[in-house]
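Spelled out, the chains give:
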Amino acid sequence: MTKHSIPMLSAAIIAATLLFTGCNKHDPAPDCTLQSCQITQLQNTDGIYPSDSYTADFQYDAKGTPLRITRTNVATGAPNYTFRHDAKGRVTDVIGSYGSGNYGDQFEFWFRLKYDAKNRVYKDSSFYVGIIGPNPIKIPDVYQVIIVNNYTYDAQNRIIRAAEEDLFRDNHYYYNNRGNLDSIVRLGYTVVYGNYDNTVNYRRTNPLWQFLEKDYSQNNAATVSTINKYGLPTTVAYNSKGYYFAYFLSFSLNVAHLKYSCK
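Since we're looking at a predicted model, the values are computed, not measured.

Caption draft 1: Region of the structure containing the overall build of the protein. When you go through the protein residue by residue, the secondary structure sums to two helices and 17 strands. Of all 263 residues assigned to the protein, the portion counted as buried reaches 48%. At a minimum sequence separation of 6, the contacts of the protein that also span at least 24 residues come to 43%. Total accessible area computed for the protein in this model is approximately 13,800 Å², and 54% of it derives from carbon and sulfur atoms.

Caption draft 2: Summary view of the side chain of Asn228. Along the polypeptide, Asn228 turns up in the loop between strand E13 (223-227) and strand E14 (233-237). For Asn228, a relative accessible area of 12% puts it in the buried group. At 2.9 Å, the side chain of Asn228 forms a polar contact with the backbone nitrogen of Tyr230.

Caption draft 3: Geometry of the state of the cysteines. For the structure on display, the rule yields one disulfide. The disulfide partner of Cys37 is Cys262, and the S-S distance across this bridge is 2.2 Å. Its S-S torsion of about 115° marks the bond between Cys37 and Cys262 as right-handed, since a negative value means left-handed. One end of the pair, Cys37, is in the loop between helix H1 (5-18) and strand E1 (39-45); the other, Cys262, is in the segment after strand E17 (255-260), with 225 residues separating them in the sequence. The exposure classification of Cys37 matches that of Cys262, with both residues buried.

Caption draft 4: Quick peek at the nonpolar core. Formed by 49 residues in total, the largest nonpolar core has its most connected members in Leu42, Phe58 and Trp209. Contacts of Trp209, omitting those with residues within four sequence positions, involve Ile39, Phe58, Tyr60, Pro66, Ile69, Phe83, Arg203, Phe248 and Leu249.

Caption draft 5: Just the pattern of salt bridges, in detail. Tallied over the full model, the rule gives eight salt bridges. In this structure, Asp116 and Arg120 form a salt bridge, with 3.0 Å as the shortest nitrogen-oxygen distance. Taking the relative accessible area as the measure of exposure, Arg120 reaches 16% and is therefore buried. For Arg169, the salt bridge goes to Glu164, with nearest N and O atoms at 2.9 Å.

Caption draft 6: Molecular detail of unusual backbone geometry. Of note in this structure, Asn157 is not a glycine but carries a positive phi near 60°. Inspection of the secondary structure assignment puts Asn157 in the loop between strand E8 (145-153) and strand E9 (159-164).

Caption draft 7: Fine view of the environment of Val129. For Val129, the location among the structural elements is in strand E7 (residues 121-131). Sequence separation between Val129 and Ser97 is 32 residues, and the spatial gap between their C-alpha atoms is 9.2 Å.

Caption draft 8: A look at the side chain of Asp154. Within the secondary structure, Asp154 sits in the loop between E8 and E9. With relative accessibility at 18%, the residue Asp154 sits in the buried group. A distance of 2.9 Å separates a polar atom in the side chain of Asp154 from the backbone nitrogen of Gln156. Within polar-contact distance, the side chain of Asp154 engages the side chain of Arg158 at 2.8 Å. What Asp154 contacts, discounting residues up to four positions off in sequence, is Arg120 and Ile160.

Caption draft 9: Local environment of the environment of Ile69. For Ile69, the location among the structural elements is in strand E3 (residues 66-71). Considered as a pair, Ile69 and Phe58 are eleven residues apart in the sequence and their alpha carbons are 4.6 Å apart. Residues in contact with Ile69, not counting those within four places in the same chain, are Ala56, Asp57, Phe58, Asn80, Tyr81, Phe83, Trp209, Leu249 and Phe251.

Caption draft 10: Region of the structure containing the packing of aromatic side chains. In total, this model carries 13 aromatic pairs according to the counting rule given. Geometrically, the ring pair formed by Tyr81 and Phe251 is edge-to-face, given 5.7 Å between the ring centres and 85° between the ring planes. Here Phe251 lies in strand E16 (residues 251-253) and Tyr81 lies in strand E4 (residues 80-85), a separation of 170 residues in the sequence. As far as burial versus exposure is concerned, Tyr81 and Phe251 are alike and both buried. Look at Phe107 and Trp110: their rings are 5.4 Å apart centre to centre, the planes differ by 80°, and that puts the pair in the edge-to-face class. The class for Phe107 is buried, based on a relative accessible area of 0%. Accessibility expressed as a relative area gives 0% for Trp110, which makes it buried. We note Arg158 situated over the ring of Tyr175; from NZ or CZ to the ring centre the distance is 4.3 Å. Of note, Lys214 hangs over the ring of Phe211, and the distance from its end group to the ring centre comes to 4.1 Å.

Calculation notes
Residues numbered from 1 in each chain as written. Predicted model: local features only at pLDDT ≥ 70, side-chain atom pairs only at ≥ 80, totals over all residues. Heavy atoms only, no water. Helix = DSSP H or I, 4+ residues; strand = E, 2+ residues; numbered from the N terminus. Buried < 20%, exposed > 50% of the residue type's maximum accessible area, 1.4 Å probe, protein only. Contact = heavy atoms within 4.5 Å. Areas by Shrake-Rupley, 256 points an atom, 1.4 Å probe, with all protein chains shown as cover. Polar contact = N/O pair within 3.5 Å; in protein donor to acceptor, adjacent residues only side chain to side chain. Disulfide = S-S within 2.5 Å. Core = buried A, V, L, I, M, F, W, Y, C linked by side-chain atoms within 4.5 Å. Salt bridge = Lys/Arg side-chain N within 4 Å of Asp/Glu carboxyl O. Phe/Tyr/Trp six-rings, centres within 6.5 Å; stacked < 30°, edge-to-face > 60°. Lys NZ or Arg CZ within 6 Å of the ring centre and 35° of its normal.

What follows is the structure in structure tokens.
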């Protein structure tokens, strides 16, 4: 065990203990205590391409519901995010655009979310390429892709199946006994995940990040060199292999430096 392992493991144990206190029974996420540790900034370095070096700033309302993510080096596949909400404060629309998310801006993607009685997204409609208005607006003479997904959850409120309507494509998600994503089966192919550590997965800080990523893993599958007292990583390194590249939301990850609202 390295000299860094003991404090990192201790922090992870403390964080795990905190997860089981103070939760609202109606909250579908098991990590509601961690939601006081919202990601406020993600800075990526050591990328291959110029667009890989960026800073993304995260903004939330007083309840910790995401409002927007603004990043430097906005590009195709790497937009800003704007989030719209319903009267219950739930995120209903996730809009990735090249501007500030105002009416008239072009969007790259727009996810419209529908919730069940347990506040879980059971269906979403994804629109690709259009103009922002009260609803997605089609660009004249430009084909707009629309995909509808239906979701199935397990007893721990993790997505275990995403089924596309009309296209008849299913993704099945499997977790191991440590609560980490083990594999995804899609179109007859299996994508295997592994090599998880003992630090707290930063996606657990907000149930929206878990949903968008379709990843409810307890731990991180990366090289974590520094953490905070909650066991959350503050410096994470990813090794790209072959055609595999790591992402968080739509942002590429190489060496990620994370800041949180908790200290």
